[in-house]
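Coordinates in review
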Amino acid sequence: MKKPLLTALVISSLSSSFNFAHATEKPFEINLIGRALLNAQSPEGAAEIVAYQNSKKRIFAINGSGKTSTVEIIDATKFNVSDLKQSAKGVTNNSNLSSVYTINLAEHTKGNANSIAIAETQALAAVAIAADKTSEKGSIAFYDISGDKPAFIKNVEVGYLPDMVTFTPDETKVIVANEGEPSGDYLTDPEGSIGIITIDNGKVADKATLLGFNQFNVQQTKLEQHGMVFSNPNGQTIKGKKIVSTVAQDIEPEYVAVSKDSKKAYVSLQENNGIAIVDLATNTITLQGLGFKDWSKYKMDASDKDGGINMKAYPGLYGMYQPDTLASYTVNGKSYVVIANEGDGREYFFDAKDEEACKEQGGLDFDKKDGCLSFVNDIRAKKLTLAGNFNYLKNDETDIGRLKVNP
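Here's what I pulled together on the structure shown here. For clarity, every value in this text was computed on a predicted model and none was experimentally measured.

1. Structural notes on the sheet that holds strand E23 (residues 284-289)
Within the open sheet, the 4 strands sit side by side as E20-E21-E22-E23. Their pairing is antiparallel. A strand with exactly one partner marks an edge of an open sheet, and here the two such strands are strand E20 (255-258) and E23. Strand after strand, the sheet turns through a mean of 25° between neighbouring axes, direction not considered. Here 6 bridges tie strand E22 (residues 274-279) to E23, and the two strands are oriented antiparallel to one another. Within E23, the residue paired with aspartate 279 across the bridge is threonine 284.

2. Quick word on the sheet that holds strand E31 (residues 365-367)
Strand order across the open sheet formed by 3 strands is E30-E32-E31, with antiparallel pairing between neighbours. Each edge of the open sheet carries a strand with a single partner, namely strand E30 (347-350) and E31. Strand-to-strand twist of the sheet, defined as the mean angle between neighbouring strand axes without regard to direction, takes the value 40°. In this structure, E30 lies alongside strand E32 (residues 371-376), joined through 4 bridges in antiparallel fashion. The residue bridging phenylalanine 349 from the neighbouring strand is leucine 373, located in E32.

3. Description of the environment of asparagine 178
Positionally, asparagine 178 belongs in strand E14 (residues 173-178). Residue asparagine 178 is classed as buried on the basis of its relative accessible area, which comes to 0%. The sequence separation of asparagine 178 and glycine 64 amounts to 114 residues, and the corresponding C-alpha distance is 19 Å. With residues up to four places along the chain from it excluded, the contact list for asparagine 178 reads Val158, Gly159, Tyr160, Leu161, Pro162, Gly192, Ser193, Ile194, Gly195, Leu210 and Pro253. At 3.3 Å, the side chain of asparagine 178 and the backbone nitrogen of glycine 159 are in polar contact.

What counts, and at which threshold
- Residues numbered from 1 in each chain as written.
- Predicted model: local features only at pLDDT ≥ 70, side-chain atom pairs only at ≥ 80, totals over all residues.
- Heavy atoms only, no water.
- Pairing = 2+ DSSP bridges.
- Helix = DSSP H or I, 4+ residues; strand = E, 2+ residues; numbered from the N terminus.
- Axes fitted to C-alpha atoms, helices over the stretch in contact; angles between N-to-C directions.
- Buried < 20%, exposed > 50% of the residue type's maximum accessible area, 1.4 Å probe, protein only.
- Contact = heavy atoms within 4.5 Å.
- Polar contact = N/O pair within 3.5 Å; in protein donor to acceptor, adjacent residues only side chain to side chain.

Below is the structure:
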């Protein structure tokens, strides 16, 4: 197969404990004062997401390391900083905080917990729980946390794969980012959406309003011109089915931040290199592409295999922002959004007996550990043939060859 000729490269990106810390008056200085260790025997996902209930000085931590998801409630009213001991290398491995109560989410809600949020005034906890199957919608499980032991209130169905949940600052709404990721073989690809659940005088609504992205299906070219990205196996045949992907299916809401006045929600669309802005008064969505960062104006260390720190500028190299977490704040009446640009590639696998079976079903590559690769949207730069404007590079481990890029 002839290698593609590239004139521009776009970069894509490729614990089990909870630490309680406080910042001093000096900028960027943080001191560890509390540490809880959850499920040390099977630590992956044991301390995934945390929320803090200030009124009762306790921490709620999502624990997804067991067969079923739980929420561990950690008492932070009093603890001894001196109990934390450092090893000879200055690493703290013990703990001075512990879980005092466990919410077994499976008692009332099936699925895997992804996120938790707390409303202080309403004394409510909202837990985002994804269904076990890609084709099924998830739920937000609500708990009354006014007492010592949380009490289950209800489940409210939302969209596919609720990945993040938050309350508006005025605690009148719950906003949910429903990511809607596809199955490993891409034969099931639910639409992403944004869920809104209202709270009236402490009473949680029985149904959520779901805001989808179907209205943007005919605007893909325009959105791409404004800096958004859509990458999927559209047109590829997998397991005998030709894949057709719409904008609504490709968009995967990741994280939510709400303005201080509770009028707007900002939702990161990580893989799409954009943000959705939701008017919470009218429930309307505006999409904002983030465009690309020109690395000729900055310096970066492009390789992790060159044996040192080598900061260089690379004309012709552009990077997507692809935000994950974001936050909103207001200064002098102006609202700002801060985004953490993690970057993210798409890589999906399905089960296959061997390489032959994988290729027969339309797979791109076979790996004994991961299975049959159905789709991947990034590649090492060194595997590409670059155009003449990159003649100043070797395109190997001494410069940009190690970068994962979207051609």
